[in-house]
Amino acid sequence: VRVLGKQEPIQIYELVAEKLSEIPPEKQDAIELHQKGLEAYRSRDWAKASERFHRAMDLAQDGPSRILYLRCQSFLEAPPAKTWDLTWNLDQK
């Protein structure tokens, strides 16, 4: 993402579990689906990415997957320009 007022994009990470904590199997599956969704997203395959993010949401109520699912839905209707660098610009703090 690119935060408001900045030119350089930053990466955002999700804390999944405390160190040495066991991750439940459904969360592990959701993480794998989210990763596959990101691969499709980066390839601009909005339909495939959308389906994978939706499945991740169903498994673990995954917030990041929900956000990316909604973005994919909007890109299916109005794809971004071919020159888009995959960075999401935040327009508010």
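Residues numbered from 1 in each chain as written. Predicted model: local features only at pLDDT ≥ 70, side-chain atom pairs only at ≥ 80, totals over all residues. Heavy atoms only, no water.

Draft legend 1. Geometry of the pattern of salt bridges. Per the counting criterion, the structure on display carries five salt bridges. Of the charged contacts, one joins aspartate 85 and arginine 2 as a salt bridge, the two residues approaching to 3.2 Å between their closest N and O atoms. Of the two residues, aspartate 85 sits in the segment after α3 (63-77) while arginine 2 sits in the segment before α1 (25-42), which places them 83 residues apart along the sequence. Arginine 2 gets classed as buried once you look at its relative accessible area, which sits at 17%. A salt bridge links lysine 27 to aspartate 62, with the shortest nitrogen-to-oxygen separation between them at 3.2 Å. Of the two residues, lysine 27 is situated in helix α1 and aspartate 62 in the loop between α2 (46-60) and α3; the sequence distance between them amounts to 35 residues. A relative accessible area of 15% places lysine 27 in the buried class. One salt-bridge network, in which partners are shared between bridges, spans Glu14, Lys27 and Asp62. (Salt bridge = Lys/Arg side-chain N within 4 Å of Asp/Glu carboxyl O. Helix = DSSP H or I, 4+ residues; strand = E, 2+ residues; numbered from the N terminus. Buried < 20%, exposed > 50% of the residue type's maximum accessible area, 1.4 Å probe, protein only.)

Draft legend 2. The nonpolar core, seen in detail. Within the largest apolar cluster, twelve residues are counted, these being Leu38, Ala40, Tyr41, Trp46, Ala49, Phe53, Met57, Leu68, Tyr69, Cys72, Phe75 and Trp84. Of all the secondary structure elements, the ones that give two or more residues to this core are α1, α2 and α3. Contacts of alanine 49, omitting those with residues within four sequence positions, involve Gly37, Ala40, Tyr41 and Cys72. (Core = buried A, V, L, I, M, F, W, Y, C linked by side-chain atoms within 4.5 Å. Contact = heavy atoms within 4.5 Å.)

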